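Coordinate inspection notes
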Amino acid sequence: MLAIGMVRGKPGVHAFDLPRPDIRQPDEVLVRVKTAGVDGTDFNMVRHNLQDIAEGRNEIVMGHEMVGVVEAAGSEVKSVAPGDTVVMTVRRGCGICQPCLHNQSDMCMTGLYTERGIHKRDGFFTEFVVDQEQYIIKVPADLAKLAVFTEPLSIAEKGIEQIRVIQSRLPWACEHPNHTFLSPDWGKCKTALVLGAGPLGILATALLRLADVYTYVADIVPEDSPKVHLVKHMGANYIDARSKTPKELVEFCCSPPGNLDIIFEASGAAATAIELINYMSRSSIYVMTGIPREELVMKVDAARLVRQIVRYNQVIVGSVNSNRSHFEMSLKDIPAINSRFGGMLEEMITHSFKLKDYERIFAPTDQKHIKTVIEVEPGE
Ligand SMILES: [Zn+2]
Ligand SMILES: [Zn+2]
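Calculation criteria
Residues numbered from 1 in each chain as written. Chains lettered and ligands numbered in written order. Predicted model: local features only at pLDDT ≥ 70, side-chain atom pairs only at ≥ 80, totals over all residues. Heavy atoms only, no water. Donors = N, O, S within 2.8 Å, 3.2 Å for Na, K, Ca; no water. Tetrahedral: all angles 85-135°; square planar, octahedral: opposite > 155°, others 65-115°. Helix = DSSP H or I, 4+ residues; strand = E, 2+ residues; numbered from the N terminus. Buried < 20%, exposed > 50% of the residue type's maximum accessible area, 1.4 Å probe, protein only. Salt bridge = Lys/Arg side-chain N within 4 Å of Asp/Glu carboxyl O. Contact = heavy atoms within 4.5 Å. Core = buried A, V, L, I, M, F, W, Y, C linked by side-chain atoms within 4.5 Å. Axes fitted to C-alpha atoms, helices over the stretch in contact; angles between N-to-C directions. Parallel < 35°, antiparallel > 145°, perpendicular 65-115°, else oblique. Nonpolar A, V, L, I, M, F, W, Y, C, P; charged D, E, K, R; others polar.

Protein coordination at the zinc ion (ligand 2) comes from Cys174 (SG), His176 (ND1), His179 (ND1) and Cys189 (SG), with a distance range of 2.0 to 2.4 Å. Each of the four donor atoms bound to the zinc ion (ligand 2) contributes to angles spanning 98 to 124°, and the resulting shape is tetrahedral. Look at where the donors of the zinc ion (ligand 2) fall in the sequence and you get C-x1-H-x2-H-x9-C. Here cysteine 189 lies in the loop between helix H3 (150-167) and strand S12 (191-195) and histidine 179 lies in the loop between H3 and S12, a separation of 10 residues in the sequence. By relative accessible area, which is 8% here, histidine 179 ends up buried.

Perfect tetrahedral coordination of a metal by four donors corresponds to 109.5 degrees between them, and perfect octahedral coordination by six donors corresponds to 90 or 180 degrees. Around the zinc ion (ligand 1), the protein contributes the donor atoms Cys94 (SG), Cys97 (SG), Cys100 (SG) and Cys108 (SG), which lie 2.3 Å from the metal centre. Every donor counted, the four donor atoms about the zinc ion (ligand 1) form angles of 100 to 120° at the centre, which fits tetrahedral coordination.

Turning our eyes to something else, we now look at the pattern of salt bridges. If you walk through the whole model with that rule in mind, you get 20 salt bridges. Put simply, lysine 188 and aspartate 212 hold a salt bridge, and the shortest N to O gap is 3.9 Å. Separated by 24 residues along the polypeptide, lysine 188 in the loop between H3 and S12 and aspartate 212 in the loop between helix H4 (199-210) and strand S13 (214-219) bring together distant segments of the chain. Taking the relative accessible area as the measure of exposure, lysine 188 reaches 31% and is therefore partly exposed. Of the residues examined, aspartate 212 reaches a relative accessible area of 31% and is grouped as partly exposed. The salt bridge involving arginine 242 is made with aspartate 240; its shortest N-O contact spans 2.8 Å. Classification of aspartate 240 as buried rests on a relative accessible area of 17%. Within the structure, one salt-bridge network assembled from shared partners comprises Asp185, Lys188, Asp212 and Arg340.

Here we come to the environment of arginine 324. Counting through the fold element by element, arginine 324 comes out in helix H9 (residues 324-340). With 189 residues separating them in the primary sequence, arginine 324 and tyrosine 135 have C-alpha atoms 7.0 Å apart. Residue contacts for arginine 324: discarding those within four places in its chain leaves Thr89, Asn103, Glu133, Gln134, Tyr135, Ile136 and Ile137.

Right, let's talk about unusual backbone geometry for a bit. The backbone phi angle of asparagine 103 is positive, close to 55°, even though this residue is not glycine. If you trace the backbone, asparagine 103 turns up in the loop between helix H2 (98-101) and strand S8 (114-116). Residue class for asparagine 103 comes out partly exposed when judged on its relative accessible area of 21%. Positive phi, normally seen in glycine, also occurs at serine 283, with a value near 55°. Position of serine 283 relative to the elements: it lies in the loop between helix H7 (270-275) and strand S16 (285-288). Residue classification places serine 283 among the partly exposed residues on the basis of a relative accessible area of 24%.

With that out of the way, let us pick up the nonpolar core. In terms of nonpolar packing, the biggest core is built from 53 residues, with Met344, Leu345 and Met348 touching the most fellow members. Leaving out residues up to four positions away in the same chain, methionine 344 has contacts with Ile202, Ala206, Leu230, His233, Met234, Ile337 and Asn338. Grouped together as the second largest cluster of nonpolar side chains are 41 residues, Val7, Ala36, Phe43 and Val86 included.

On to the packing of H3 against H9, then. Following both chains from N to C, one finds H3 and H9 inclined at 105°, their axes separated by 8 Å at the closest point. The angle between the axes of H3 and H9 places the two elements in the roughly perpendicular class. Every residue of H9 that contacts H3 at Thr150, Glu151, Leu153, Ser154, Glu157, Lys158 and Glu161 is listed here: His326, Phe327, Met329, Ser330, Leu331, Asp333, Ile334 and Ile337. When the residues that make up the contact of H3 with H9 are grouped by side-chain class, the tally is six nonpolar, four polar and five charged.

Next up, the structure:
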């Protein structure tokens with residue numbers, strides 16, 4: 001079967017042939033890939049030649065976002081059956097630490113995990129994949145088309161979950177007892193700034209707006225960009241960061257509400273990400289999800305920064321990957337997002353290709369690009 005990925009010692013993206021995988025254990029499931037999503041990590045792997053191939057292998061199949069249909073299931077599999085639409089998680093635990101032993105490998109303590117399509121394990125840019133039932137989640141039949149957003153949305157779900165859990169330290173966030181961070185109405189009376197209007201920034205904005213958080217999104221695209229259209233469609237405010245310093249960005253978000261409760265970093269723009277810490281509000285939280293790739297050395301007033309973080313009770317938290325529970329949250333929120341912000345998920349898919357178009361998939365994208373998907377054809 002056709003597979004798309006990286007080949008040891010050869011920069012760029014390549015096509016190669018792999019044998020079709022088989023079920024070998026009673027808890028395994030064979031899945032036919034229908035749609036795979038391409039994201040910033042995939043583009044960065046190709047652009048920066050980030051090869052992370054398992055020892056003893058010459059290639060890695062890329063792709064960590066997918067929707068598929070169960071082709072066959074092992075004798076012990078209970079939660080899915082042939083014909084079911086499913087999605088698969090990305091990370092496979094180290095098998096040693098407590099988080100991994102409890103299917104929370106997104107919080108792995110040893111770093112000895114693998115990741116499908118990214119880190120030492122084959123991904124989903126191919127026709128068939130096999131995995132254990134615990135990593136496979138059944139998708140309601142009517143979500144088959146939009147379920148390709150389950151994985152990217154799960155990253156936003158985990159980031160927002162971290163914010164809510166950590167900020168539950170503030171039982172008096174505002175004067176309304178039902179607006180505390182763990183209550184269903186948590187987003188009311190709160191303001192957030194999202195950095196980056198790529199797919200992750202847009203999906204984080206969708207979750208924030210779904211919770212009625214007053215949201216600003218900053219990026220470096222012009223006002224007539226399709227990304228800005230989506231941001232405004234969700235009732236968020238767009239800020240063109242090209243015309244504002246980080247200080248001006250935060251001042252803009254703090255007026256009129258006065259406090260910026262949440263900063264959600266989804267751009268990987270290291271200088272802005274660090275500089276913004278200087279302007280965090282008191283008792284606020286800053287979650288970082290973007291991963292800068294190049295080296296950047298900069299000068300900071302360390303004493304001022306530490307003084308401020310201490311005096312203002314501030315939290316800066318990193319959030320990476322996601323686990324099964326976040327995939328389940330995604331599958332609940334996809335219909336909610338799509339009905340509240342009519343058709344926005346469909347609108348995010350700006351580019352669609354076949355597997356065999358792999359060279360075009362990774363060609364430089366145009367200004368209108370938001371999200372690329374690959375429709376996998378049988379026997380391609
Ligand atoms: Zn672990
Ligand atoms: Zn309130």
